[in-house]
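Secondary and tertiary structure notes
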Protein chains: 12
Amino acid sequence: MNILVLNGPNLNLLGDRDKDTYGTNKLSDIESGLRKSYPAFDFRFLQSNHEGALIDAIHEARHGNIDGLIANWGGFTHTSVAIRDALELLAIPKVEVHLSNIHGREEFRETSITGKMMNGIITGFGAYSYHLGVEAVKHLRQRG
Amino acid sequence: MNILVLNGPNLNLLGDRDKDTYGTNKLSDIESGLRKSYPAFDFRFLQSNHEGALIDAIHEARHGNIDGLIANWGGFTHTSVAIRDALELLAIPKVEVHLSNIHGREEFRETSITGKMMNGIITGFGAYSYHLGVEAVKHLRQRG
Amino acid sequence: MNILVLNGPNLNLLGDRDKDTYGTNKLSDIESGLRKSYPAFDFRFLQSNHEGALIDAIHEARHGNIDGLIANWGGFTHTSVAIRDALELLAIPKVEVHLSNIHGREEFRETSITGKMMNGIITGFGAYSYHLGVEAVKHLRQRG
Amino acid sequence: MNILVLNGPNLNLLGDRDKDTYGTNKLSDIESGLRKSYPAFDFRFLQSNHEGALIDAIHEARHGNIDGLIANWGGFTHTSVAIRDALELLAIPKVEVHLSNIHGREEFRETSITGKMMNGIITGFGAYSYHLGVEAVKHLRQRG
Amino acid sequence: MNILVLNGPNLNLLGDRDKDTYGTNKLSDIESGLRKSYPAFDFRFLQSNHEGALIDAIHEARHGNIDGLIANWGGFTHTSVAIRDALELLAIPKVEVHLSNIHGREEFRETSITGKMMNGIITGFGAYSYHLGVEAVKHLRQRG
Amino acid sequence: MNILVLNGPNLNLLGDRDKDTYGTNKLSDIESGLRKSYPAFDFRFLQSNHEGALIDAIHEARHGNIDGLIANWGGFTHTSVAIRDALELLAIPKVEVHLSNIHGREEFRETSITGKMMNGIITGFGAYSYHLGVEAVKHLRQRG
Amino acid sequence: MNILVLNGPNLNLLGDRDKDTYGTNKLSDIESGLRKSYPAFDFRFLQSNHEGALIDAIHEARHGNIDGLIANWGGFTHTSVAIRDALELLAIPKVEVHLSNIHGREEFRETSITGKMMNGIITGFGAYSYHLGVEAVKHLRQRG
Amino acid sequence: MNILVLNGPNLNLLGDRDKDTYGTNKLSDIESGLRKSYPAFDFRFLQSNHEGALIDAIHEARHGNIDGLIANWGGFTHTSVAIRDALELLAIPKVEVHLSNIHGREEFRETSITGKMMNGIITGFGAYSYHLGVEAVKHLRQRG
Amino acid sequence: MNILVLNGPNLNLLGDRDKDTYGTNKLSDIESGLRKSYPAFDFRFLQSNHEGALIDAIHEARHGNIDGLIANWGGFTHTSVAIRDALELLAIPKVEVHLSNIHGREEFRETSITGKMMNGIITGFGAYSYHLGVEAVKHLRQRG
Amino acid sequence: MNILVLNGPNLNLLGDRDKDTYGTNKLSDIESGLRKSYPAFDFRFLQSNHEGALIDAIHEARHGNIDGLIANWGGFTHTSVAIRDALELLAIPKVEVHLSNIHGREEFRETSITGKMMNGIITGFGAYSYHLGVEAVKHLRQRG
Amino acid sequence: MNILVLNGPNLNLLGDRDKDTYGTNKLSDIESGLRKSYPAFDFRFLQSNHEGALIDAIHEARHGNIDGLIANWGGFTHTSVAIRDALELLAIPKVEVHLSNIHGREEFRETSITGKMMNGIITGFGAYSYHLGVEAVKHLRQRG
Amino acid sequence: MNILVLNGPNLNLLGDRDKDTYGTNKLSDIESGLRKSYPAFDFRFLQSNHEGALIDAIHEARHGNIDGLIANWGGFTHTSVAIRDALELLAIPKVEVHLSNIHGREEFRETSITGKMMNGIITGFGAYSYHLGVEAVKHLRQRG
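Keep in mind the model is a prediction, meaning the values are calculated, not measured.

1. A few points about the overall build of chain A
In terms of regular secondary structure, chain A is built from 5 helices and 5 strands. Going from the N terminus to the C terminus, chain A shows its helices and strands as β-α-α-β-α-β-α-β-β-α. Taking 2.2 N^0.38 as the reference for a compact globule, 144 residues should give roughly 15 Å; the C-alpha atoms of chain A span a radius of gyration of 14 Å, in line with that estimate. With respect to the three principal axes, the spread of C-alpha positions in chain A is 35 × 35 × 25 Å. When each of the 144 residues of chain A is scored for burial, the buried share is 65%. Restricting the contact set of chain A to residue pairs at least 6 apart, pairs at least 24 apart contribute 76%. Carbon and sulfur atoms provide 45% of the accessible area of chain A, an area that totals close to 4900 Å². Separation of charge centres in chain A, based on 15 positive and 17 negative side chains, amounts to 5 Å.

2. Some words on the relation of the copies chain C and chain D
Screw-axis analysis of chain C against chain D gives a translation of 0.0 Å along the axis, an RMSD of 0.0 Å, and a rotation angle of 180°. Both copies of the chain, as the preceding transformation shows, are related through a two-fold rotation axis. Distance from the rotation axis, computed per C-alpha, reaches its smallest value in chain C at Ile122 of chain C: 2.3 Å. The overlap is high: 100% of the interface residues of chain C also sit at the interface in chain D, so the same surface is used on both sides.

3. A look at the packing of aromatic side chains
Residue and element names in this part refer to chain A. The final tally for this structure, using the stated rule, is 48 aromatic pairs over all chains. When the centroid spacing of 6.4 Å and the interplanar angle of 65° are considered together, the rings of Tyr38 and Phe43 count as edge-to-face. The buried category is assigned to Tyr38, whose relative accessible area is 12%. For Phe43, a relative accessible area of 4% gives the class buried.

4. Here we look at helix H2 (residues 27–37) of chain B
Residue and element names in this part refer to chain B. Within H2 the residues assigned to the buried category are Leu27, Ile30, Gly33 and Leu34. The buried residues of H2 occupy an angular sector of 120° when projected down its axis, which confines them to one face. On its buried face, H2 sits against strand E1 (2–7), strand E2 (42–47) and helix H5 (128–143).

5. Details of the interface of chain C and chain D
At the junction of the two partners, chain C supplies 25 residues and chain D supplies 25 residues. Sorting the residues of chain C by area buried against chain D places His103, Phe125 and Tyr128 of chain C first, and these three jointly supply 30% of that buried surface. Between the two partners, chain C and chain D, sit 2 salt bridges. Where Glu110 of chain C meets Lys116 of chain D, a salt bridge forms, and the shortest distance between an N and an O atom there is 2.9 Å. Taken together, the connections running from chain C to chain D amount to 13 residue pairs in polar contact (both at pLDDT 80 or more). At the level of elements, strand E5 (120–123) and helix H5 (128–143) of chain C are the ones that each hand at least two residues to the side of chain C that touches chain D. A total of 7 residues in the side of chain C that touches chain D trace back to one element, the largest contributor, which is H5 of chain C. Of the residues assigned to the side of chain C that touches chain D, the class counts are 10 nonpolar, 11 polar and 4 charged. Of the pairings in the sheet, the one linking E5 of chain C to strand E5 (residues 120–123) of chain D comprises 3 bridges and is antiparallel in character. By the bridge assignment for E5 of chain D, Thr123 of chain C is matched with Ile121 of chain D.

6. Notes on the environment of Leu34 of chain L
Residues and elements named next belong to chain L. Take Leu34: it is sitting in helix H2 (residues 27–37). Overall, Leu34 belongs to the buried group, its relative accessible area being 0%. Residues Leu34 and His131 lie 97 residues apart in sequence; the distance between their C-alpha atoms is 6.7 Å.

7. Observations regarding the pattern of salt bridges
According to the stated counting rule, one finds 98 salt bridges over all chains in the structure shown. Across the pair Glu135 of chain H and Lys138 of chain H runs a salt bridge whose closest N-O atoms are separated by 3.6 Å. Of this pair, Glu135 of chain H and Lys138 of chain H both sit in helix H5 (residues 128–143), 3 residues apart, which is roughly one turn of that helix. Connected via shared salt-bridge partners are Arg84, Asp85 and Glu88 of chain B together with Arg105, Glu106 and Arg109 of chain E.

8. What about the side chain of Ser129 of chain E?
Residues and elements named next belong to chain E. For Ser129, the position within the fold is in helix H5 (residues 128–143). A distance of 2.9 Å separates the side chain of Ser129 from the backbone oxygen of His98, its partner in a polar contact. In this structure Ser129 touches Val97, His98, Leu99, Ile122, Thr123 and Gly124, once residues within four positions along its chain are discounted.

9. Examining the sheet that holds strand E2 (residues 42–47) of chain D
Taken together, 10 strands build an open sheet; the order of strands is E2(C)-E1(C)-E3(C)-E4(C)-E5(C)-E5(D)-E4(D)-E3(D)-E1(D)-E2(D) and the sheet is mixed. Only two strands of the sheet have a single partner each, and these edge strands are strand E2 (42–47) of chain C together with E2 of chain D. Each strand of the sheet is rotated relative to its neighbour by a mean of 20°, with strand direction disregarded. H5 of chain C rests against strand E1 (2–7), E2, strand E3 (68–72), strand E4 (94–98) and E5 of chain C together with E5 of chain D of the sheet, and its axis sits at about 165° to E4 of chain C.

10. Re helix H3 (residues 51–60) of chain C
What sets the pattern is the α-helix's 3.6 residues per turn: residues three or four places apart point alike. When you tally the buried positions in H3 of chain C, you get 7 out of 10 residues, the bulk of the element. Against helix H3 (51–60) of chain B, E1, E2 and helix H4 (81–88) of chain C together with helix H3 (51–60) of chain E lie the buried residues of H3 of chain C.

11. A few points about the pairing of strand E4 (residues 94–98) of chain I
Two faces belong to every sheet, and in a regular strand the side chains alternate between them. All names here are of chain I. Among the 5 residues in E4, 5 count as buried, and that is most of the element. Taking every second residue as pointing to the same face, both faces of E4 are buried, with Lys94, Glu96 and His98 on one and Val95 and Val97 on the other. The sheet contact formed by strand E3 (residues 68–72) and E4 spans 3 bridges and is parallel. Considered in E4, the bridge of Leu69 is made with Lys94. Assessed by its sense of winding, the connection that carries the chain from E3 through helix H4 (residues 81–88) to E4 is right-handed. Note: E4 against strand E5 (residues 120–123), 4 bridges, orientation parallel. Of the residues in E5, the one forming a bridge with Glu96 is Ile121.

12. As for the interface of chain B and chain A
Tallying the contact residues gives 25 residues for chain B and 25 residues for chain A. It is His103, Phe125 and Tyr128 of chain B that lose the most area in chain B upon contact with chain A, and together they represent 30% of the buried surface on that side. At the junction of chain B with chain A, the criterion picks out 2 salt bridges. Across the chain B-chain A interface, the total number found is 12 residue pairs in polar contact (both at pLDDT 80 or more). Those elements giving two or more residues to the side of chain B that touches chain A turn out to be strand E5 (120–123) and H5 of chain B. No other element matches H5 of chain B, which puts 7 residues into the side of chain B that touches chain A. Taken together, the residues of the side of chain B that touches chain A break down into 10 nonpolar, 11 polar and 4 charged.

13. Quick word on the relation of the copies chain B and chain A
Between chain B and chain A, which share one sequence, the superposing operator has a rotation angle of 180° and an axial displacement of 0.0 Å; the RMSD is 0.0 Å. Comparing interface residues between copies, 100% of those in chain B also sit at the interface in chain A, which points to an isologous, same-surface contact.

14. Remarks on the sheet that holds strand E2 (residues 42–47) of chain J
Read from one edge of the open sheet, 10 strands run E2(G)-E1(G)-E3(G)-E4(G)-E5(G)-E5(J)-E4(J)-E3(J)-E1(J)-E2(J), paired in mixed fashion. Looking along the sheet, the strands with just one partner apiece sit at the ends: strand E2 (42–47) of chain G together with E2 of chain J. Averaged over all pairs of adjacent strands, the angle between their axes in this sheet comes to 20°, without regard to strand direction. Pairing between strand E1 (residues 2–7) of chain G and E2 of chain G: 6 bridges, direction parallel. Considered in E2 of chain G, the bridge of Asn2 of chain G is made with Asp42 of chain G. Those strands touched by helix H5 (residues 128–143) of chain G are E1, E2, strand E3 (68–72), strand E4 (94–98) and strand E5 (120–123) of chain G together with strand E5 (120–123) of chain J, and its axis lies near 165° from that of E4 of chain G.

15. A closer look at the confidence of the model for chain A
Mean pLDDT over chain A: 93, with 93% of residues reaching 70 or higher. This complex was scored by the predictor with a pTM of 0.95 and an ipTM of 0.94.

16. Digging into the environment of Asn72 of chain J
Residue and element names in this part refer to chain J. Within the fold, Asn72 resides in strand E3 (residues 68–72). Apart from the residues lying within four places of it in its own chain, the contact partners of Asn72 are Leu6, Asn7, Gly8, Leu11, Val97, His98, Leu99 and Tyr130. Here the side chain of Asn72 touches Gly74 through a polar contact of 3.1 Å, landing on its backbone nitrogen.

17. Here we look at the packing of helix H3 (residues 51–60) of chain H against helix H4 (residues 81–88) of chain H
All names here are of chain H. Following both chains from N to C, one finds H3 and H4 inclined at 5°, their axes separated by 9 Å at the closest point. On the basis of their axis angle, the class for H3 and H4 is roughly parallel. Across from Glu51, Leu54, Ile55, Ile58 and His59 in H3, the residues of H4 making contact are Ala82, Ile83, Ala86 and Leu87. Among the residues making up the contact of H3 with H4, the classes are represented as 7 nonpolar, 1 polar and 1 charged.

Parameters at a glance
- Residues numbered from 1 in each chain as written.
- Chains lettered and ligands numbered in written order.
- Predicted model: local features only at pLDDT ≥ 70, side-chain atom pairs only at ≥ 80, totals over all residues.
- Heavy atoms only, no water.
- Helix = DSSP H or I, 4+ residues; strand = E, 2+ residues; numbered from the N terminus.
- Rg over C-alpha atoms; globule rule 2.2 N^0.38 Å.
- Buried < 20%, exposed > 50% of the residue type's maximum accessible area, 1.4 Å probe, protein only.
- Contact = heavy atoms within 4.5 Å.
- Areas by Shrake-Rupley, 256 points an atom, 1.4 Å probe, with all protein chains shown as cover.
- Lys, Arg positive; Asp, Glu negative; His and termini not counted.
- Charge placed at Lys NZ, Arg CZ, Asp CG, Glu CD.
- Least-squares fit on C-alpha atoms with pLDDT ≥ 70 in both.
- Phe/Tyr/Trp six-rings, centres within 6.5 Å; stacked < 30°, edge-to-face > 60°.
- Arc of directions from axis to C-beta.
- Buried area = accessible area lost by both parts, 1.4 Å probe.
- Salt bridge = Lys/Arg side-chain N within 4 Å of Asp/Glu carboxyl O.
- Polar contact = N/O pair within 3.5 Å; in protein donor to acceptor, adjacent residues only side chain to side chain.
- Nonpolar A, V, L, I, M, F, W, Y, C, P; charged D, E, K, R; others polar.
- Pairing = 2+ DSSP bridges.
- Axes fitted to C-alpha atoms, helices over the stretch in contact; angles between N-to-C directions.
- Right-handed = clockwise from strand over helix to strand, strands pointing away.
- pLDDT = per-residue confidence, 0-100.
- Parallel < 35°, antiparallel > 145°, perpendicular 65-115°, else oblique.

The following block contains the structure:
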């Protein structure tokens, strides 16, 4: 199974960032963790601080043989109508993940503009949210 | 591992209810599915349409040897300060699950009052949200 | 015809309560009045101050041979998402009644969360609202 | 008994209009239906798309021997302070009716500015709302 | 003097709960403290996590020889229209108490729906708020 | 001096209407009062319940030899963008008057949409507001 | 092709009105301009300051052989639920035009209640907005 | 007749201040103008930039033989609950005046907290608002 | 024990003011009542209509040997950020009192800006609120 | 005439995207359609999912010999203050176009932040909105 | 150069106050620091907890030979329309300073009512904000 | 000292842009002005219209030997959660500058999302805001 994993702004600094909230995993740790846990899967990782680059990547996913999308949109989760519109056009299973519980932080983080166009959201389990995301994509594909 | 699974109002009718939104699983199907998938685990299930009964159950979980809570608060998710306060006192791993994506429905369902006091939330994967909930509880216990 | 009449919190005190707003009928007067006016009908009355008990009663109405529901949700009208969700699952004619005109009182009483899932609402005619409710249920059944 | 039946904007097109929401009765069908059901009553019907004409009619009702008012203010229900003020001056029984359930449609239809000055509101029973309105007026007159 | 002391959801856990905010008194300590300080008084205590049970208790207070009510509605303070309506019918002195200062916490705790129907509110003095509540009831009875 | 006095909806019923709020003067009393107090002035009076008729009258005032406008827009004060736009085009002195103090009633009466396009507003002095209005117009003309 | 051109309140004064915002064209200039540009078309023009007259005209358009509607609702754009409801019933191409850019003025002009029921809106091109409106109607008819 | 004229913050600078909005009259010009126009009246003038001094003056007016109050609260109009409460206790005729039209400026100036406790408000006629205020006080005393 | 009792605007008129809401006690009655009830205590009373004088008094309380503060901020309760900031710096027990129940009056009185910086609030018991305030200060000192 | 046509995020997928809302034209169809309809014009097309690239293009248009701008900002219409600021600096005719009627979709699409800095907006005519945009630019240049 | 330095409520306690937020400088330290850093300048310092005293000082600055104003309005920053109006009349350079970053604290501190009438604002640099304020005044005078 | 100076969207056009608001300095003038005033400092300048490029630059500043950041985020100030999150991770002194006073313009410019994560903000002094920014950075470094 081919899974695209998109990470939005500032997630390249994971592990450096506020350790109480996000833990000490680096993004590369998450990547290697996923590859190790799911050796039969083909993961494509992209992190960008550029909203446009993420939209481009969503568009490309429509034509590659991608079976599912796992995405952590970072700060764009709460502001980007453009990512939302891009997601509306992507018909594969789409799972939004967040490291911290977005319902337990500042009020403006409780609204997920992007999440309205995802199949579901997994929020609050640190790096493990990505693993649950893979399980969710697997389930969505089986359910067809 | 002992896991308490609490279900709030109307979830006893699962399977009857709006099939487009919630699928055709009955609550008993979810229960037997969990037991089958995790034969080594001890699950205690409680469904109630009574807010007070759910609060009582949260309180009791503090003294039984419960290792984790998986809860779908149904309509109380968006209205119950009392359940929120009860959860604040419960120190075990707590995972909120929803069958449908609460960010993709009516606006009033986007706010989770209870979710602020949970470790994380899994929303939008139908009955499979509960399975992901078990995985999340396992992870939270290991991480300690 | 079998009609279920549900009354929510504080309606057991009807007649005692603010007489300017609600009149001097007791709930038992309303019950006997309905039985007298519609001798061929079978009425089942339930009043409860417990939200959960009302939800349970809505659920049971799905399996008994109930032809219509008349309900005065009292204070739950403006707060209960859980009753709203229960009503969504009940396919028989459903008529919400209020003794006083909910549009002529405090602003928070103008929103009916439950009413969105009822066929219609009759508000402002005192105990007679229940009689109009029976007429409305009769009409809804005939119209099929 | 003399009953004035006022209909606001667009109700002249009833039956043409969105059939799913409003049914197939024409306004003339409602009129003839009322006359047939209540042969002893004297009904005066007025439909107007002009807010001022409706206010004029409310004023005139103060001096004719009108025993009760049944009114469907259409779109003016949600916007007209002027009709509201006119109603405040009319001391006869006043019943507001709506074909569709105003609590089950767009959010802006949930507020009834006019309804605050009516005795009660009957909403959601199609053309039959008018029949229930006659029953309500009868009751209000008897109660004195 | 007979005083009814009602405690709402989660107050049964007092002493366990967030000690910085609520102190280390248990609810039973408060009860015995009141009995000891006011040996001539007859206190009736009820704690419940069930909104309906609290409403039932308010109703019963109308017919027992209760001279005053002291109540801590917990989380229901901010959400329960039904308790508010029940209190409107109870003519004895009614004093609302809170352990912590509701004006110094989350914004949603600043609104007291129930408090609008109480004689007064005492908030922020820990268990001693109940003692001040007894003094307030005594005063209200004397002032008659 | 030629003064146009426009009165909006329901002012034809003045004297009948809520006497506590508006006093017992009829509109014709106000008219004769003004003529008597200002015998040298030429008053043109128009009352209408029709928003369009009032707009037409504002338009006509642009071409007649009208020296000033005194207007009580009644309920349209708070809702009519169209009257506001008409007033923007009328270059003579314009004084808005109200019988009751619009700042001391319901909150929705505190906003004057029309008043933004008037020179000034006189509110709260009953029929005498019109007399003050004439004085204000005189002053505005002198100041030129 | 038969095109109905409706103009709402104050547009009869076009050319007199605030020249910076609206330019110096009179409404009759717009009419003759359209007739000259589209000699093969049959235009019917109606301007009214009366909301009801505009609604009547919308209703009549349903039965005449009108191929398209171009309308500038003036101040009613932002306030009239009744015009909105009338438009919902009219199945021909409907184009809303505005002389000035409604998004570049006062905040209350940014919401178009009527526009929700039109095919599209052309705003900000002065009198030329009407010409673009004719082009838009032509296109909508061809597209069928 | 004894009239107290209170002027709030910054009115001592009248004439210096934004001349487009307020004109070129100084406060002393207004005072001498009033004395000249009403030679038989006894005016007491107080201007203060101190909210407390204005409240003190309102209190003193209760015991002196003051027949009426004319007040321009300046910026306190929109913020002072304390002046509002003081006015509630003063039973003589009370007229609020403003030089500019408070409905035609910034939105925050449209709310008059103090005005709710005045008999009426005169706004928008420059220094002449005070003269109209005297007329209004005379009328209110006569009406008694 | 030395207790500072601060009273804000208009409380000097107590007893004159709206008797239904506030009772007939004068402020001097409250003072003598407190001295009589607590003969061993040293009370310092200050009433002022000047926000700045109250802030000055709060500042001085930091250096005198004041053991506790009882304060009724009157209208400043709902508007004064400056008093709030002053209270933040005062480390002695601080109790806010109100004669009437601030939760049972106008909506703007429900927010206590000052109360966020007080230990607790006692509201609704007339002059007796001050006596309860003394009890609360005593308790806070003992608790240390 | 040289016309710059800017298209924002996701418009590269036109034709694939929700066909009910946007029709089946591809963006390249729109481009070739414009070139064919206006053979004498020089069109420069740029589509980008990057907000910054669009701002860069707006800046460059200031120095090239561009006679007019037609732009569909896509999702940035409702969120981008930065594009708005860039447009403020561009003095050529600027026309905003939208395929669907932004007033007839989700509420958040009704506000056009960018549109405040455009000459006008054309919304709701599918690909033909661009053709109307060219006509509008032509008109704006002639009016010059 | 003559510079007036105004300090609002509670700034006299600087150094005592919350040391994490405001640092340990006393207001006299700031004063001596400024005099030492700018020996050629003439500073006039005024601190007051009285809004009126600050307004008086602003007024006086109009007639003294004051070259610039540096002001920290403390809690009045967020509430005082009266200070705002006073500043509007003062034509010299005006710089608002804050010790802490007003955008990084409670939400109500983010709005500066006074700041709208200042040339600029410097916020967040502790006592050094005043030094930057002097530099800003110097610059504004040179720029003329 | 090494100082990074970041400029957001449209600041490359400085000097061209609205001269009343921003003055006539070009961005290159500001750069050369800073280098001239602080010859011992090493400035690195970056202007970008791309949000992502600015975030990348913030990230890089963590690893270069940058001693302080001065940033004018332009339109992103009010919209970018992603820049805000990036700033949270950067531990050097951070000063936000604006040319115009953001509190004196449109209401949406009053909120600084980015500013919550800066040490302080300097707004309203034109190009000189950058010079003050350097002084502020120097101070923050010395204070350590």
